[in-house]
Amino acid sequence: MAGISCYSPSLLSSRSNLGSSLLVVKYRGGIVTGKPLRRSAFEIKAEVEFVNADEAKKLVAVEGYAVLDVRDKTQFERAHIKNCYHVPLFIENTDNDLGTIVKRQLHNNFSGLFYGLPFTKPNPEFVQSVKSQFSPESKLLLVCQEGLRSAAAAQRLDEAGYDNIACITSGLQTVKPGTFDSVGSKELQDAGKAGLVTIQGKISAVLGTVLICALLFITLFPDQAEQILALVPSS
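Nothing here was measured: the structure is a model prediction, and the numbers come from that model.

(A) Representation of the overall build of the protein chain within the structure. Of regular secondary structure, the protein chain possesses 8 helices and 12 strands. The buried share of the protein chain, taken over its 235 residues, is 34%. Looking at the protein chain alone, contacts between residues at least 24 apart form 64% of all its contacts between residues at least 6 apart. Total accessible area on the protein chain stands at roughly 14,300 Å², and carbon and sulfur atoms take up 58% of it.

(B) Focus on the sheet that holds strand β10 (residues 139-143). The strand order across the open sheet built from 5 strands is β4-β11-β10-β5-β7, with neighbouring strands paired in parallel fashion. Of all the strands in the sheet, just β4 (48-51) and β7 (85-86) have a single pairing partner and so form its edges. Strand direction decides the pairing type here: β10 and strand β11 (residues 164-168), joined by 4 bridges, are parallel. Residue pairing in the sheet places leucine 142 in a bridge with cysteine 167 of β11. Across the sheet, helix α1 (residues 53-61) touches β4, β5 (66-69), β10 and β11, and the angle it forms with β4 is around 125°.

(C) Main features of the environment of arginine 78. By the secondary structure assignment, arginine 78 is in helix α2 (residues 73-78). Look at arginine 78 and you get buried, because its relative accessible area is 15%. Sequence separation between arginine 78 and glutamate 187 is 109 residues, and the spatial gap between their C-alpha atoms is 8.2 Å.

(D) Geometry of the pattern of salt bridges. Across all of its chains, the model carries 3 salt bridges by this definition. Among the ionic pairs, aspartate 72 bridges to arginine 149, the shortest N-O distance being 3.3 Å. On the criterion of sequence distance, the pair formed by aspartate 72 in the loop between β5 and α2 and arginine 149 in helix α6 (residues 148-159) is long-range, its members being 77 residues apart. Comparing aspartate 72 with arginine 149 shows no difference in burial state: the two are buried. As a salt-bridge pair, glutamate 146 and arginine 149 come within 3.2 Å of each other at their nearest N and O atoms.

(E) Spatial organisation of the environment of glycine 192. Tracing the backbone through its elements, the reader meets glycine 192 in the loop between β12 (182-184) and α7 (196-220). For glycine 192, a relative accessible area of 25% corresponds to the partly exposed category. For the pair glycine 192 and alanine 79, spaced 113 residues apart in sequence, the C-alpha to C-alpha distance is 9.1 Å.

(F) Examining the side chain of threonine 179 more closely. Within the secondary structure, threonine 179 is located in the loop between β11 and β12. Owing to a relative accessible area of 13%, threonine 179 belongs among the buried residues under this scheme. Here lysine 176 takes part through its backbone oxygen, which lies 2.8 Å from a polar atom of the side chain of threonine 179. When sequence neighbours within four positions are dropped, the list of residues in contact with threonine 179 reads Ala53, Asp54 and Lys57.

(G) Molecular detail of the pairing of β4. Both faces of β4 are covered, namely the face carrying Val48 and Phe50 and the face carrying Glu49 and Val51. Inspection of the sheet shows β4 paired to β11 by 4 bridges, in the parallel sense. Considered in β11, the bridge of valine 51 is made with isoleucine 168.

(H) Spatial organisation of α6. Helix length check: α6 (12 residues) gives 17 Å between terminal C-alpha atoms against 16 Å at 1.5 Å per residue, within 8%. The complete set of buried residues in α6 reads Arg149, Ser150, Ala151, Ala153, Ala154, Leu157 and Asp158. Looking at the residues trailing α6, positive phi occurs at glycine 161, about 105°.

(I) Here's a closer look at the packing of aromatic side chains. Evaluation of the coordinates by the stated rule reveals 1 aromatic pair. Each ring, one from tyrosine 85 and one from phenylalanine 134, has its centre 4.8 Å from the other, and the planes form 80°; the classification is edge-to-face. Highlighted residues: tyrosine 85 in strand β7 and phenylalanine 134 in the loop between α5 (126-131) and β10, separated in sequence by 49 residues. With a relative accessible area of 36%, tyrosine 85 lands in the partly exposed category. Given the relative accessible area of 9%, phenylalanine 134 is considered buried.

Rules and cut-offs
- Residues numbered from 1 in each chain as written.
- Predicted model: local features only at pLDDT ≥ 70, side-chain atom pairs only at ≥ 80, totals over all residues.
- Heavy atoms only, no water.
- Helix = DSSP H or I, 4+ residues; strand = E, 2+ residues; numbered from the N terminus.
- Buried < 20%, exposed > 50% of the residue type's maximum accessible area, 1.4 Å probe, protein only.
- Contact = heavy atoms within 4.5 Å.
- Areas by Shrake-Rupley, 256 points an atom, 1.4 Å probe, with all protein chains shown as cover.
- Pairing = 2+ DSSP bridges.
- Axes fitted to C-alpha atoms, helices over the stretch in contact; angles between N-to-C directions.
- Salt bridge = Lys/Arg side-chain N within 4 Å of Asp/Glu carboxyl O.
- Polar contact = N/O pair within 3.5 Å; in protein donor to acceptor, adjacent residues only side chain to side chain.
- Expected span 1.5 Å × (residues − 1).
- Phe/Tyr/Trp six-rings, centres within 6.5 Å; stacked < 30°, edge-to-face > 60°.

Function cannot be inferred from these measures alone, as they are strictly geometric.
Spelled out as structure tokens, the structure:
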């Protein structure tokens with residue numbers, strides 16, 4: 001079953017069949033039909049494709065898919081695919097009610113501090129913003145950093161009547177440099193890295209270098225190292 005990487009159960013399509021519904025999963029190469037669901041007959045035209053980076057590039061270059069980036073503004077500005085469209089699934093939450101203020105403070109002290117993530121909320125205008133730029137017949141490649149937001153966005157657009165939707169499995173973090181022309185200060189795969197996590201990595205690299213130099217010094221110049229250690233006051 002080459003070509004299928006993963007799929008979200010919530011994005012499975014279903015077709016009515018004698019009063020029941022059949023699970024239908026679309027992947028590049030065919031259709032897999034599952035067992036009937038025990039519920040009333042209904043029909044959902046969901047055909048969301050999950051593709052890898054190379055397959056995504058072919059969708060854009062050969063099949064004419066437009067790239068729709070659904071990440072937040074900060075990640076988008078760090079790096080994005082050239083000539084893509086940007087409609088964030090989540091937007092910065094600047095509400096000032098007491099509950100939001102407390103949650104925002106907790107977020108800024110943890111996720112915001114360590115990962116550089118903004119405090120966000122669902123974008124209530126997401127579907128309408130997409131509709132203002134694309135018709136339901138448009139071919140759309142949805143991208144985000146890890147693949148979760150694009151899958152959620154695909155579900156919302158499917159419910160709004162969009163039939164030709166594809167997502168990159170596991171998101172832009174799996175896209176190797178050079179796969180797409182990009183814009184920004186970072187590579188696409190690194191756009192999600194920020195905050196103290198990146199600083200910690202640099203500190204670890206510096207400490208590692210210092211320890212290696214110290215080990216080499218002790219190994220090559222044991223007498224001098226012993227004299228230096230003798231100068232250190234004992235506790």
